[in-house]
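Observations on the model geometry
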Amino acid sequence: MNTQKYLQNIFAGCIGLPLFAVLLFETDLLPGGCLTGEAQIEFLSVLLCELLTLGSIPVALRLIRPKNQKKITDISELNSFYRCRATWRLLLLGVPLLLNTLLYYLLMSPTLGYLSLILAACLFFVLPTQARVEQETQYYSSQSNTSDE
């Protein structure tokens, strides 16, 4: 499977799983709001999700352009290096999105809903199109060529 299709599948999972959770909670197949009375659980969950979300967004958006990287000359190694970085970038946004969505429905805390919306919007900034894959792969190859000068 080529890199773009692989990343698009991960992107679809990062969007699809939270949407599936929303569908299950909204149709009452899963009980929503079952942890609403637990103040300590809500406080700790919101605090940890805020820290996770606010920490993962800048890291994920800057992950492709590291300052110091090893020299990459082989094309297959370059593609696997990019594929690994891009996968981490999508997962850094997708996993907190799923967690925030699930906790929103369990705790019914609007803060977690807003964090989910922010992460969903950020995912579209890293949408894995063919042009993006080519551009970022070329970025890595140009950085590898200039790092030995």
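Preceding block: the structure.
Residues numbered from 1 in each chain as written. Predicted model: local features only at pLDDT ≥ 70, side-chain atom pairs only at ≥ 80, totals over all residues. Heavy atoms only, no water.

Points about the layout of surface pockets
As a volume, the largest pocket reaches approximately 240 Å³. Together, 14 residues line the largest pocket, and Val22, Leu97, Thr101, Ser116 and Leu117 are the ones closest to its centre. Those elements that provide at least two residues to the lining of the largest pocket are α1 (3-26), α3 (75-107) and α4 (110-123). Here the element with the most residues in the lining of the largest pocket is α3; it accounts for five residues. (1 Å grid on protein atoms, 1.4 Å probe; cavity = no way out; pocket = protein on both sides within 12 Å on 5 of 7 lines; lining within 4 Å. Points joined across faces, edges and corners; volume = space filled by probe spheres on them. Helix = DSSP H or I, 4+ residues; strand = E, 2+ residues; numbered from the N terminus.)

Here's the deal with the nonpolar core
Counting residues in each nonpolar core, the largest one holds 18 residues, and the members touching the most others are Leu7, Tyr82, Leu90, Leu93 and Leu123. Listing elements by their share of this core, those giving two or more residues are α1, α2 (39-62), α3 and α4. The residues contacting Leu90, other than those within four sequence positions of it, are Leu7, Ile10, Phe11, Cys14, Leu123 and Val126. With six residues, the next largest nonpolar core counts Leu103, Leu107, Leu112 and Leu115 among its residues. (Core = buried A, V, L, I, M, F, W, Y, C linked by side-chain atoms within 4.5 Å. Buried < 20%, exposed > 50% of the residue type's maximum accessible area, 1.4 Å probe, protein only. Contact = heavy atoms within 4.5 Å.)

Focus on the pattern of salt bridges
Counted according to the given criterion, the structure contains two salt bridges. Arg89 is paired through a salt bridge with Glu136; the nearest N and O atoms lie 3.1 Å apart. Taken together, the residues Arg89 in helix α3 and Glu136 in helix α5 (residues 130-147) connect sequence positions 47 residues apart. Taken individually, Arg89 and Glu136 each receive the classification buried, so the pair is uniform in this respect. Take Glu136: its relative accessible area is 2%, and that puts it in the buried class. Among the charged side chains, a salt-bridge network with shared partners connects Arg89, Arg132 and Glu136. (Salt bridge = Lys/Arg side-chain N within 4 Å of Asp/Glu carboxyl O.)

A short note on α4
Taking 1.5 Å as the rise per residue, α4 with 14 residues should run 20 Å; its terminal C-alpha atoms sit 20 Å apart, in good agreement. Of all the positions in α4, only Leu112, Gly113, Leu115, Ser116, Leu119, Cys122 and Leu123 are classed as buried. Summarising the contacts, the buried residues of α4 are in contact with α1, α2 and α3. (Expected span 1.5 Å × (residues − 1).)

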